[in-house]
Amino acid sequence: MWTVERPVNDVNTIRSYSPGTPERSGLEEELAHLQAAPLEIPCVIGGREVRTAEVVDIVRPDDRATVLARAHLAGEADLREAVADALRAHDRWSRTDPYHRIAVFEKAAALLAGPRRTRNIAAIMLNQSKNPYEAEIDLAELVDFWTFNAYYARQIYDLQPFQYPGETNRFDWRPLEGFVLAIPPFNFYSIGGNLPTAPAIVGNVSLWKPSRAVVLANYEIYRVLIEAGLPAGVVNFVPFPSARAGALIDHPDLAGIHFTGSYRTLVELWKRVGAQLEQYRNFPRIVGETGGKDFVFVHPSADVRSTVVQLVRGAFEYQGQKCSACSRAYIPESLWPAVSRALADELPHLPLGPVDQLSNYLGAVIDEAAFSTIDGYLTYARDHPTEYEIVVGGETDRSRGWFVRPTVIRSRTPRGKLMEEEIFGPVLTVYVYPDDQYAATLDLCDTTSPYALTGAIFASDREALRLAEERLRWSAGNFYLNDKPTGAVVGRQPFGGARRSGTNDKAGSIVNLLRWVSPRNVKENLVPPTDWRRPFLG
Ligand code: NAD
């Protein structure tokens with residue numbers, strides 16, 4: 001049997017783009033090249049490029065007059081055709097030798113890590129408004145998803161039942177029967193690439209509905225997959241308006257939904273599936289990773305400087321648009337003066353602007369809807385001055401792109417809108433607690449928000465770390481001691497949360513891949529019986 005070596009994370013070898021490096025000049029060229037003329041993006045159905053009458057502009061969030069691409073949207077008839085093509089591809093792909101299936105994704109990973117890297121980094125930066133570092137870790141995560149999923153798939157195929165004298169037993173590791181609908185969010189390119197391909201690596205076929213704002217970055221991934229030899233129809237690239245999703249969700253051959261996005265959207269999808277369960281050939285598998293109200297909890301024994309640095313990175317990198325971003329913090333009274341002073345000194349100086357100016361650390365939020373939602377929370381804070389105080393930030397600017405300055409808001413009450421709800425932008429709400437109320441405030445943290453995605457505790461006192469880990473056991477699916485709650489790495493910190501944060505199927509792990517297989521057990525009787533009588537009959 002062929003073996004797949006235990007992979008090494010690509011994130012360990014990300015490029016720096018420091019001034020004077022060759023990768024920096026290559027990136028600058030690619031950034032200019034991508035903006036020279038809008039790319040036309042077709043739907044790709046059964047290997048055919050399909051152009052439709054419905055075309056939308058894909059723009060830069062931090063320079064919205066720049067049109068990067070024009071994307072063709074699939075109509076209902078196109079979606080029905082895509083399902084038919086996917087089901088046709090299922091027969092061959094599901095029987096393809098796993099070696100050859102997996103090799104496609106290993107090749108895609110090698111292309112992305114090497115010759116296609118710079119173009120994809122440029123596409124992520126411009127389409128998602130990420131600085132080069134954020135774009136690199138995002139791309140590296142997709143390389144990791146593909147290489148680690150290759151490894152985990154091989155582990156699954158090695159899992160076999162026990163044998164017994166006179167019989168042999170096998171698992172035939174079938175994929176699901178039907179097609180998988182992949183619906184990724186806007187914020188991670190890597191999730192865009194992982195959702196349709198994690199099922200495909202174990203033999204499924206999928207339809208990929210990229211998020212409207214980032215069709216270009218997702219399409220660049222799709223091109224790499226095609227170059228790597230992914231057969232026609234296995235993954236179909238179909239941007240379409242969300243209101244049209246019923247054409248796929250109502251289909252009797254829907255075998256699964258691989259979703260990442262907001263809680264509300266998952267609820268909507270799940271209800272629609274639940275309402276018509278009897279129409280399906282199989283129970284559709286639903287894997288859904290959703291939002292968070294991720295916390296940093298600071299104990300009085302914590303180091304102030306590293307707390308401040310981790311808050312800046314954990315709450316504001318990529319403009320706070322990470323599902324894992326810290327959006328509430330609990331700070332003891334004794335440390336608040338020093339922490340708030342440092343935040344007020346440093347946050348106004350974080351360079352913010354168009355990301356193709358490489359001196360900028362922060363870019364824009366993704367689109368007008370996100371900008372308005374975040375602005376609505378800032379207005380709410382201003383309208384409730386007895387409850388909230390804006391400590392730093394609060395400014396917005398929509399003239400060129402969707403810019404929001406990093407903002408820290410102090411909440412005088414431990415609960416309430418800004419301590420409970422996901423804002424998904426560069427807004428950190430802080431509750432300052434009495435030092436002698438550490439344990440009680442841990443319980444408050446656990447019960448304040450309906451989400452349970454990520455969380456972190458900062459302390460040098462070992463008992464404080466232990467107690468937080470114990471009391472906050474159900475508060476986060478990814479928990480960090482003295483580290484920010486963002487930046488999970490495939491294979492090392494498998495990612496996902498519970499409660500309203502999703503089904504916790506840990507993307508990029510064997511747990512996730514197991515959701516996309518439906519094993520058939522095959523027993524062979526080596527010595528079939530010749531008499532029906534049981535011994536007790538005498
Ligand atoms: P969203 O829910 O608005 O959209 C997610 C995807 O669903 C998009 O592709 C969108 O077009 C599609 N969609 C929306 N309504 C739909 C419908 N009715 N039918 C079919 N498709 C529909 O989320 P978003 O703004 O793209 O992403 C941000 C959210 O994603 C945040 O809540 C964030 O926390 C979450 N997120 C979670 C994780 C995680 O691993 N837990 C990772 C990244 C993002």
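What counts as what
- Residues numbered from 1 in each chain as written.
- Predicted model: local features only at pLDDT ≥ 70, side-chain atom pairs only at ≥ 80, totals over all residues.
- Heavy atoms only, no water.
- Helix = DSSP H or I, 4+ residues; strand = E, 2+ residues; numbered from the N terminus.
- Contact = heavy atoms within 4.5 Å.
- Domains from an automatic or database assignment.
- Buried area = accessible area lost by both parts, 1.4 Å probe.
- Salt bridge = Lys/Arg side-chain N within 4 Å of Asp/Glu carboxyl O.
- Polar contact = N/O pair within 3.5 Å; in protein donor to acceptor, adjacent residues only side chain to side chain.
- Nonpolar A, V, L, I, M, F, W, Y, C, P; charged D, E, K, R; others polar.
- Near = heavy atom within 4 Å.
- Areas by Shrake-Rupley, 256 points an atom, 1.4 Å probe, with all protein chains shown as cover.
- Pairing = 2+ DSSP bridges.
- Axes fitted to C-alpha atoms, helices over the stretch in contact; angles between N-to-C directions.
- Phe/Tyr/Trp six-rings, centres within 6.5 Å; stacked < 30°, edge-to-face > 60°.
- Lys NZ or Arg CZ within 6 Å of the ring centre and 35° of its normal.
- Expected span 1.5 Å × (residues − 1).
- Buried < 20%, exposed > 50% of the residue type's maximum accessible area, 1.4 Å probe, protein only.
- Disulfide = S-S within 2.5 Å.

### With respect to the environment of Gly292
And then number 1: Counting through the fold element by element, Gly292 comes out in the loop between β11 (285–289) and β12 (294–298).
And then number 2: Taking the C-alpha atoms as reference points, Gly292 and Ala498, separated by 206 residues in sequence, lie 9.6 Å from one another.
And then number 3: Look past the residues within four positions of Gly292 in its chain and what remains in contact with it is Cys323, Glu422, Tyr451, Leu453 and Ser501.

### Quick notes on the domain arrangement of the protein
And then number 1: Assigned domains within the protein: domain 1 (23–290 + 502–522) and domain 2 (294–481).
And then number 2: Computed from C-alpha coordinates alone, the two centres of domain 1 and domain 2 are separated by 31 Å.
And then number 3: The interface is formed by 27 residues belonging to domain 1 together with 29 residues belonging to domain 2.
And then number 4: Interface area for domain 1 against domain 2, summed over the two sides, is near 2,300 Å², with a carbon-plus-sulfur share of 57%.
And then number 5: Sorting the residues of domain 1 by area buried against domain 2 places Asp62, Arg64 and Phe186 first, and these three jointly supply 25% of that buried surface.
And then number 6: With a shortest N-O distance of 2.9 Å, Asp356 and Arg60 are connected by a salt bridge.
And then number 7: At the surface where domain 1 touches domain 2, the tally comes to 15 residue pairs in polar contact (both at pLDDT 80 or more).
And then number 8: When residues of the side of domain 1 that touches domain 2 are traced back to their parent elements, those giving at least two are α1 (22–36), β5 (63–72), α4 (117–128) and α5 (132–158).
And then number 9: Of the residues contributing to the side of domain 1 that touches domain 2, the split by class is eleven nonpolar, seven polar and nine charged.

### Here we look at the site of the ligand
And then number 1: The environment of the ligand is formed by 25 residues, the closest being Pro184, Ser262, Thr265, Thr290 and Glu422.
And then number 2: Contact distances for the ligand include 3.2 Å between an oxygen atom and a backbone N or O atom of Phe186.
And then number 3: For the ligand, the accessible surface in isolation is 840 Å², of which the surrounding protein chains cover 86%.
And then number 4: Looking at the shell around the ligand, the elements that each hand over two or more residues are β10 (254–260) and α9 (263–275).
And then number 5: Among the elements that line the shell around the ligand, the one with the most residues is α9, at three residues.
And then number 6: Among the residues forming the shell around the ligand, the class breakdown is twelve nonpolar, nine polar and four charged.

### Observations regarding the sheet that holds strand β21 (residues 478–481)
And then number 1: Judged by pairing direction, the sheet is mixed, and its seven strands sit side by side in the order β14-β17-β18-β13-β12-β20-β21 without closing on themselves. The sheet terminates laterally at β14 (388–392) and β21, the two strands that pair on one side only. Neighbouring strand axes in the sheet, compared pairwise and without regard to direction, differ in orientation by 20° on average.
And then number 2: Each of β13 (326–332), β14, β17 (407–411) and β18 (427–433) is contacted by helix α11 (residues 336–346), which is oriented at about 60° to β14, the strand it contacts most.

### Concerning the packing of aromatic side chains
And then number 1: Under the definition given, this model contains 15 aromatic pairs.
And then number 2: Between Tyr222 and Phe237, the aromatic rings sit 5.3 Å apart at their centres with planes inclined by 35°, giving tilted as the arrangement. Residue Tyr222 is found in helix α7 (residues 215–227), and its partner Phe237 is found in strand β9 (residues 235–237); the two are separated by 15 residues along the sequence.
And then number 3: Grouping aromatic residues by their ring pairs yields a cluster made of Phe297, Tyr330, Tyr431, Tyr433 and Tyr438.
And then number 4: Over the face of the ring belonging to Tyr318 we find Lys130, whose NZ or CZ atom lies 4.3 Å from the ring centre.

### Some thoughts on α4
And then number 1: Taking 1.5 Å as the rise per residue, α4 with twelve residues should run 16 Å; its terminal C-alpha atoms sit 16 Å apart, in good agreement.
And then number 2: In terms of burial, α4 is largely enclosed, as twelve of its twelve residues are buried.
And then number 3: Ser129 occupies a position one or two residues after α4 and carries a positive phi of about 60°.

### Brief notes about the state of the cysteines
And then number 1: In total, this model carries zero disulfides according to the counting rule given.
And then number 2: Of all cysteine sulfurs in the structure, the one in Cys326 sits closest to Cys445, which takes part in no disulfide; the separation is 10 Å.
And then number 3: Given a relative accessible area of 1%, Cys445 falls into the buried group.

### Focus on the pattern of salt bridges
Side-chain pairs of opposite charge can arise whenever the charged atoms involved come near each other.
And then number 1: Using the criterion set out here, one finds 37 salt bridges in the structure.
And then number 2: For Asp63, the salt bridge goes to Arg400, with nearest N and O atoms at 3.4 Å. A residue pair is termed long-range when its members are at least 10 positions apart, and Asp63 in strand β5 and Arg400 in the loop between β15 (396–397) and β16 (403–404) qualify at 337 residues.
And then number 3: Residue classification places Asp63 among the buried positions, given a relative accessible area of 13%.
And then number 4: In this structure, Glu421 and Lys417 form a salt bridge, with 3.2 Å as the shortest nitrogen-oxygen distance.
And then number 5: Judged by relative accessible area, Glu421 falls into the partly exposed class, the value being 29%.
And then number 6: One network of salt bridges, in which partners are shared, links Glu30, Arg119, Glu220 and Arg223.

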